[in-house]
Amino acid sequence: SGYTIGYFGRPFEAKGGPQGGAFDKDLDYFRTVLGSKTIVPGLECALKGMRPGDIRQVIVPYGALSYPPEDKDHDLVGPKPTTFSGMRALNFVLENPRVDRTLLFNVKVIRVDKSDGKGGFVRGN
């Protein structure tokens, strides 16, 4: 299925709650297909079973469930920050071993499209 999500991501410091600047100032949108490996694995796990309108707060620990370290520009795995300052904030957290590199995402499923069996999708709700 093809998922369109609205999201808001920021660093998460477990001892003191959410801290640091957001990767995007406002709610942003991202489209992905489950199993395509185009979204942070921790978010993909959270999306499974969600329906349009569902909202979750997702904590993504640094490591295998987070952004891959070899994708510094976040072109292969998203969501990718849409602003220069957002990209800078995300990279600062991911590349700095002295800070908690856990990420916090607020995610809302906007739409789920079903496969049409021909490589495309039929628009969902």
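A brief structural summary. Residue positions are given per chain, counting from 1 as you read along its sequence in written order. At least 70 in pLDDT is required for a residue's local features to be given in this predicted model, at least 80 for side-chain atom pairs to be given and counted, and no such filter applies to totals for whole chains, interfaces and linings, which use all residues. Where side-chain values are given, they derive from all heavy atoms of the structure, hydrogens and water being excluded.

### Quick look at the pattern of salt bridges
Between side chains of opposite charge, a pair can form when the charged atoms approach closely.
Logical step 1: Definition used for salt bridges: Asp or Glu carboxyl oxygen within 4 Å of a side-chain nitrogen of Lys or Arg. Applying the stated criterion across every chain, the model contains 3 salt bridges.
Logical step 2: Its salt-bridge partner being Asp113, residue Arg31 comes within 3.0 Å of it at the nearest N-O pair. Of the two residues, Arg31 is situated in strand 3 (residues 28-33) and Asp113 in strand 5 (residues 103-115); the sequence distance between them amounts to 82 residues.
Logical step 3: The class for Arg31 is partly exposed, based on a relative accessible area of 36%.
Logical step 4: Across the pair Lys80 and Asp75 runs a salt bridge, and its minimum N-O distance is 2.7 Å.
Logical step 5: The rule is simple: take the accessible area with a 1.4 Å probe, protein chains only, and divide by the maximum for that residue type; under 20% is buried, over 50% is exposed, in between is partly exposed. Residue class for Lys80 comes out partly exposed when judged on its relative accessible area of 33%. What counts as a helix is a DSSP run of H or I of at least four residues, what counts as a strand is a run of E of at least two, and both are numbered from the N terminus.

### Points about the packing of aromatic side chains
Logical step 1: Pairs were defined over the aromatic rings of Phe, Tyr and Trp, the Trp ring being its six-membered one, requiring ring centres within 6.5 Å. Orientation was assigned from the angle between planes: stacked under 30 degrees, edge-to-face over 60, tilted for the rest. Under the criterion given, the structure shown has 1 aromatic pair.
Logical step 2: Centre to centre, the rings of Tyr7 and Phe105 are 6.4 Å apart; their planes meet at 55°, and the pair counts as tilted. Placement of the pair is Tyr7 in strand 1 (residues 2-13) and Phe105 in strand 5, with a sequence separation of 98 residues.
Logical step 3: Residue class for Phe105 comes out buried when judged on its relative accessible area of 0%.
Logical step 4: Geometrically, a lysine NZ or arginine CZ counts as sitting over a ring once it is within 6 Å of the ring centre and also within 35 degrees of the ring normal. Across from the ring centre of Tyr62, 3.9 Å away, lies the NZ or CZ of Arg101, which sits over that ring.

### As for unusual backbone geometry
Logical step 1: Put simply, Gly78 and Pro79 share a cis peptide bond, and its omega is 5°.
Logical step 2: If you trace the backbone, Pro79 turns up in the loop between strand 4 (55-60) and helix 2 (84-95).
Logical step 3: Despite not being glycine, Lys37 has its phi angle at roughly 60°, a positive value.
Logical step 4: Inspection of the secondary structure assignment puts Lys37 in the loop between strand 3 and helix 1 (41-47).
Logical step 5: Its relative accessible area of 68% is what places Lys37 among the exposed residues.

### Things to note about the environment of Val77
Logical step 1: Within the fold, Val77 resides in the loop between strand 4 and helix 2.
Logical step 2: Between the C-alpha atom of Val77 and that of Thr32, which follows or precedes it by 45 residues, the distance is 9.9 Å.
Logical step 3: Whether two residues touch is decided by their heavy atoms; if any such pair falls within 4.5 Å, the residues are in contact. If we skip the residues at most four places from it in the chain, Val77 touches Lys37, Thr38, Ile39, Val40, Tyr67, Pro68 and Asp71.

### Brief notes about the nonpolar core
Soluble, globular proteins show a tendency: their nonpolar side chains are buried together.
Logical step 1: Ranked by internal contacts, the top residues of the largest apolar core, which has 22 residues, are Ile5, Leu47, Leu103 and Phe105.
Logical step 2: Counting only elements with at least two residues in this core, the list comes to strand 1, helix 1, strand 4, helix 2 and strand 5.
Logical step 3: Top element by residues in this core is strand 5. It accounts for 5 residues.
Logical step 4: Among all residues touching Ile5, those that are not within four sequence positions of it are Asp28, Tyr29, Phe30, Ile39, Leu47, Val107, Lys108, Val109 and Ile110. Among the buried residues, those of types Ala, Val, Leu, Ile, Met, Phe, Trp, Tyr and Cys that are joined through side-chain atoms within 4.5 Å form a nonpolar core.

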